[in-house]
Amino acid sequence: MKLYIFLFSLFLAFVSCNKELSFENETFNKKTSLGCDKDCPEISIDIPIAKQKGLIADSINKKIFSVVKDIVYFGEKPLKSTDYNVLVSSFIASYEEMHTNFPGETFGWEAKITGNVEFQSDQILNIKIDHYTFTGGAHGYQGFRSLLFNPKTGKIIFNDQIFKNPKDFKAFAEREFRAKYNIPEKANINATGLMFENDKFQLPQNIFYTDEGLLLYYNAYEAASYADGAKEILFPYDKISQYLLYQ
């Protein structure tokens, strides 16, 4: 009987391990030779792909693709494909069309996307996307995107869903943010040159689970000017455990 229980436990552990999501990064590149001799416009996407078959992996992969598409797709018609090769080709096609129509005004287009599994537990999966795009102008744009998933369902977890009481955490985070960036408690949140909308503190669009703690990350323009760069604040999990639903 004991042997049967032991073997059954091993079987359950084996099944559990095989159901755990695993990812492999795949790379997709495209470069144009139109209108350039060197440093030709190009796009590179290195992104984690969930390898399991089934609805959970499909849901995660589709959401990741959708976010990457929002960053680098410039076509006029909706892109119905979910193929990264089609996506990189569309970026180069947009450049080539622009260059053909305005040969003296387009140069140096570039897009670089790098994704990784930032954090993974039984309760939460965090995919981080580091992206840079340049399609003309004074400078390109670099930023981070955070995608939070329920690994048991593959569904996206929105930022307000990770807290027991989002309002309580927001109030706590504002106090800590003011302390870090030397903003007096009763002063306007933008008193030192920040750019929060409507002069009110807001949680960032991107919240990361990391090995060190929960990271609130404000990309350029989200809370400050491009020149001032990104703003961030990290909370060790033991300091905020009372606020979190997922750990």
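Criteria and thresholds
- Residues numbered from 1 in each chain as written.
- Predicted model: local features only at pLDDT ≥ 70, side-chain atom pairs only at ≥ 80, totals over all residues.
- Heavy atoms only, no water.
- Helix = DSSP H or I, 4+ residues; strand = E, 2+ residues; numbered from the N terminus.
- Buried < 20%, exposed > 50% of the residue type's maximum accessible area, 1.4 Å probe, protein only.
- Contact = heavy atoms within 4.5 Å.
- Areas by Shrake-Rupley, 256 points an atom, 1.4 Å probe, with all protein chains shown as cover.
- Phe/Tyr/Trp six-rings, centres within 6.5 Å; stacked < 30°, edge-to-face > 60°.
- Lys NZ or Arg CZ within 6 Å of the ring centre and 35° of its normal.
- Pairing = 2+ DSSP bridges.
- Axes fitted to C-alpha atoms, helices over the stretch in contact; angles between N-to-C directions.
- Expected span 1.5 Å × (residues − 1).
- Polar contact = N/O pair within 3.5 Å; in protein donor to acceptor, adjacent residues only side chain to side chain.
- Arc of directions from axis to C-beta.
- Core = buried A, V, L, I, M, F, W, Y, C linked by side-chain atoms within 4.5 Å.

## Structural notes on the overall build of the protein
Inference 1: Across its full length, the protein carries five helices and eight strands.
Inference 2: What you see in the protein, going N to C, is helices and strands ordered as α-β-β-α-α-β-β-β-α-β-β-β-α.
Inference 3: With respect to the three principal axes, the spread of C-alpha positions in the protein is 80 × 55 × 30 Å.
Inference 4: Expressed as a percentage of its 247 residues, the buried residues of the protein come to 39%.
Inference 5: Within the protein, contacts between residues at least 6 apart in sequence are counted, and of these 54% link residues at least 24 apart.
Inference 6: Total accessible area on the protein is roughly 14600 Å²; 52% of this is exposed by carbon and sulfur atoms.

## Some details on the packing of aromatic side chains
Inference 1: For the structure on display, the rule yields 26 aromatic pairs.
Inference 2: An aromatic cluster of at least three residues, connected via ring pairs, comprises Phe163, Phe169, Phe172, Phe235 and Tyr243.
Inference 3: When the ring centre of Phe144 is taken as origin, the NZ or CZ atom of Lys128, which lies over that ring, is 4.3 Å away.
Inference 4: Directly above the aromatic system of Phe208 lies the positively charged group of Lys128, at a separation of 5.7 Å from the ring centroid.

## A closer look at the sheet that holds strand S8 (residues 231–235)
Inference 1: The three strands lie next to each other as S6-S7-S8, forming an open sheet whose pairing is antiparallel. Of all strands in the sheet, those bounded by a partner on one side alone are strand S6 (206–209) and S8. Each strand axis lies, on average, 20° off the axis of its neighbour in the sheet, ignoring direction.
Inference 2: Bridge count for S6 against strand S7 (residues 214–218) is four bridges, and the pairing is antiparallel. Looking across to S7, one finds that Asn206 is bridged to Tyr217.
Inference 3: The strands that helix H4 (residues 166–180) touches are S7 and S8; relative to S8, the one it contacts most, it runs at about 115°.

## Things to note about H4
Inference 1: Taking 1.5 Å per residue, 15 residues should reach 21 Å; H4 reaches 21 Å between its end C-alpha atoms and fits that length.
Inference 2: Where H4 is buried, its residues meet S7, S8 and helix H5 (237–240).
Inference 3: One side-chain oxygen of the residue at the start of H4 lies 3.1 Å from the amide nitrogen of Lys167, identifying that residue as Asn165.
Inference 4: Looking at the residues trailing H4, positive phi occurs at Asn182, about 55°.

## Thoughts on helix H2 (residues 55–72)
Residues three or four positions apart in an α-helix share a direction because the helix packs 3.6 residues into each turn.
Inference 1: Helix length check: H2, at 18 residues, gives a terminal C-alpha distance of 26 Å against a target of 26 Å (1.5 Å per residue), a fit within 8%.
Inference 2: Looking at H2, one finds that the buried residues are Ala57, Ile60, Asn61, Ile64, Phe65, Val67, Val68, Ile71 and Val72. Taken around the axis of H2, the buried residues stretch over an arc of 160°, which confines them to a single face. Exposed side chains of H2 directed beyond 90 degrees from the buried face belong to Leu55, Lys62 and Asp70.
Inference 3: Residues of H2 that are buried sit in contact with strand S1 (23–31), strand S2 (42–50), helix H3 (84–101), strand S3 (110–120), strand S4 (125–134) and strand S5 (141–149).

## Topic: the sheet that holds S4
Inference 1: Here five strands make up an open sheet; going across it, the order is S1-S2-S3-S4-S5 and the pairing mixed. The open sheet has two free edges, formed respectively by S1 and S5, since each of these has just one partner strand. Sheet twist, expressed as the mean angle between neighbouring strand axes with direction ignored, is 20°.
Inference 2: Both S2 and S3 contribute to a ladder of five bridges, which runs parallel. Within the sheet, the bridge partner assigned to Ile43 lies in S3 and is Ala111.

## Some points on the nonpolar core
Generally speaking, soluble globular proteins have nonpolar side chains that are buried together.
Inference 1: Judged by nonpolar contacts, the single largest core of 31 residues is most densely connected at Ile45, Ile47, Ile64, Val68, Val72, Tyr84 and Ile129.
Inference 2: At eight residues, H2 tops the list of elements feeding residues into this core.
Inference 3: Non-local contacts of Ile64, meaning those with residues more than four positions away in its chain, are made with Ile47, Pro48, Tyr84, Ile127, Ile129, Leu147 and Phe149.

## Examining unusual backbone geometry
The general pattern is negative phi for most residues beyond glycine and trans for most peptide bonds.
Inference 1: The backbone of Asn182 shows a phi angle near 55°, a positive value even though the residue is not glycine.
Inference 2: With respect to the helices, strands and loops of the structure, Asn182 is situated in the loop between H4 and S6.
Inference 3: By relative accessible area, Asn182 is classed as exposed at 63%.
Inference 4: Residues other than glycine seldom take positive phi values, yet Asn198 does so here, at roughly 60°.
Inference 5: Turning to its location among the elements, Asn198 is positioned in the loop between H4 and S6.
Inference 6: Relative accessible area serves as the criterion here: at 62%, Asn198 is assigned to the exposed category.

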